[in-house]
Amino acid sequence: MSNLNTMITTLSGNSIDLFNIKKEDIRLEDISLLLAQTPCYLGSNLPSYSLAQHSLNCSKVAREKYDERMGLYLLLHDAKHTYIKSATESFKKLIAKVGLLEKNIDRAIYDHFGLEFPGFGFGYYERLYMERINEIDCGILANEIPVIMPEWMGLIPKEMLPFPMELDFNKRPVEDVKEEYEDTLKYLVKKI
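Structural notes, computed from the coordinates. Computed from a predicted model, the values in this text were never measured in an experiment.

1. Observations concerning the overall build of the protein chain
Scanning the protein chain for helices and strands turns up 9 helices and 2 strands. Helices (α) and strands (β) of the protein chain occur, in sequence order from the N terminus, as β-β-α-α-α-α-α-α-α-α-α. The buried share of the protein chain, taken over its 192 residues, is 45%. Sequence-distant contacts, at least 24 apart, represent 65% of the contacts inside the protein chain between residues at least 6 apart.

2. Digging into the packing of helix α2 (residues 51-65) against helix α7 (residues 124-139)
Look at α2 against α7: their axes get within 10 Å of each other, and the N-to-C directions meet at 125°. Judged on the interaxial angle alone, α7 and α2 are oblique. Read as a crossing pair, α2 and α7 show a hand that is right-handed. Across from His-54, Cys-58, Val-61, Ala-62 and Lys-65 in α2, the residues of α7 making contact are Glu-135, Ile-136 and Asp-137.

3. Section: the pattern of salt bridges
Tallied over the full model, the rule gives 6 salt bridges. Between Arg-69 and Glu-116 there is a salt bridge, and its shortest N-O distance comes to 3.5 Å. Pair noted here: Arg-69 is in helix α3 (residues 68-76) and Glu-116 is in the loop between α6 (98-112) and α7, with a separation of 47 residues, a long-range link. With a shortest N-O distance of 2.8 Å, Arg-172 and Asp-168 are connected by a salt bridge.

4. Considering the packing of aromatic side chains
Using the criterion set out here, one finds 4 aromatic pairs in the structure. Ring centres of Tyr-49 and Phe-169 lie 5.3 Å apart, and the angle between their planes is 50°; this geometry places the pair in the tilted category. Highlighted residues: Tyr-49 in the loop between α1 (28-37) and α2 and Phe-169 in the loop between α8 (141-148) and α9 (174-191), separated in sequence by 120 residues. Per residue, the accessibility class of Tyr-49 equals that of Phe-169, and both read buried.

5. With respect to the state of the cysteines
Applying the stated criterion to the full structure yields 0 disulfides. Cys-40 carries a free sulfur, and the closest cysteine sulfur to it, the one in Cys-58, is 8.1 Å from it.

6. A few points about the side chain of Asp-30
Mapped onto the elements of the fold, Asp-30 is located in helix α1. For the buried residue Asp-30, which engages in no salt bridge, the nearest side chain bearing the opposite charge is Arg-27, 5.2 Å off. At a separation of 2.8 Å, a polar atom in the side chain of Asp-30 contacts the side chain of Thr-10. Residues contacting Asp-30, with those up to four places away along its chain left out, are Thr-10, Leu-11, Ser-12, Asn-14, Thr-82 and Tyr-83.

7. Brief notes about the side chain of Asn-14
Mapped onto the fold, Asn-14 is located in the loop between β1 (7-9) and β2 (15-17). The class of Asn-14 is buried, set by a relative accessible area of 10%. There is a polar contact of 2.8 Å between the side chain of Asn-14 and the backbone oxygen of Asp-25. In this view, Asn-14 contacts Ile-8, Thr-9, Asp-25, Arg-27 and Asp-30; residues no more than four positions away in its chain are not counted.

8. Let's talk about the packing of α2 against α3
Axis separation between α2 and α3 bottoms out at 7 Å; the angle between their running directions is 160°. When the axis of α2 is compared with that of α3, the two are roughly antiparallel. Read as a crossing pair, α2 and α3 show a hand that is right-handed. Packed against α2, whose contacting residues are Ser-55, Leu-56, Cys-58, Ser-59, Ala-62 and Arg-63, the element α3 presents Glu-68, Met-70, Gly-71, Leu-74 and Leu-75 at the interface. Of the residues assigned to the contact of α2 with α3, the class counts are 6 nonpolar, 3 polar and 2 charged.

Conventions and cut-offs
- Residues numbered from 1 in each chain as written.
- Predicted model: local features only at pLDDT ≥ 70, side-chain atom pairs only at ≥ 80, totals over all residues.
- Heavy atoms only, no water.
- Helix = DSSP H or I, 4+ residues; strand = E, 2+ residues; numbered from the N terminus.
- Buried < 20%, exposed > 50% of the residue type's maximum accessible area, 1.4 Å probe, protein only.
- Contact = heavy atoms within 4.5 Å.
- Axes fitted to C-alpha atoms, helices over the stretch in contact; angles between N-to-C directions.
- Parallel < 35°, antiparallel > 145°, perpendicular 65-115°, else oblique.
- Left-handed = near helix turned anticlockwise from the far one by under 90°.
- Salt bridge = Lys/Arg side-chain N within 4 Å of Asp/Glu carboxyl O.
- Phe/Tyr/Trp six-rings, centres within 6.5 Å; stacked < 30°, edge-to-face > 60°.
- Disulfide = S-S within 2.5 Å.
- Lys, Arg positive; Asp, Glu negative; His and termini not counted.
- Polar contact = N/O pair within 3.5 Å; in protein donor to acceptor, adjacent residues only side chain to side chain.
- Nonpolar A, V, L, I, M, F, W, Y, C, P; charged D, E, K, R; others polar.

What follows is the structure, given as structure tokens:
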């Protein structure tokens, strides 16, 4: 494993060893910019609907349905893609270890922003947070698919109803989405 390069350089120029990522390695500007630039569903939808917009919509649902802490978890639930997407080709050969790597990255991100890691095998509240993250992340498909990928309507289970609120699917400049993501994150960190 020592001959594989697991170092990445983030958009801000920060060098990180993905197998030894720490909370000090996490930078909000890396997360917000990459998520704002990355189309949701690998670009198979409206190219302007980004992971940042998806995360903002998930966070809005979580705050209305639960609380600010859940809103912060949902805002950060896809932040790991900032670091995975930046991985080098040699690192991608370690694909069998990506699940473990994602958990380590999630742990560093959550720790950086003052959250506990809500992984399975932990206590009741950590498992509850993980279940709620999955509930909202999967459930929001009933809101997203009719707007961004109507040809996939048949994939929504009949029992999955859209969240009853206005969500943002509008085409927006990357810089505006990045700024909203950062502002929302800073607000939620202060609230919890």
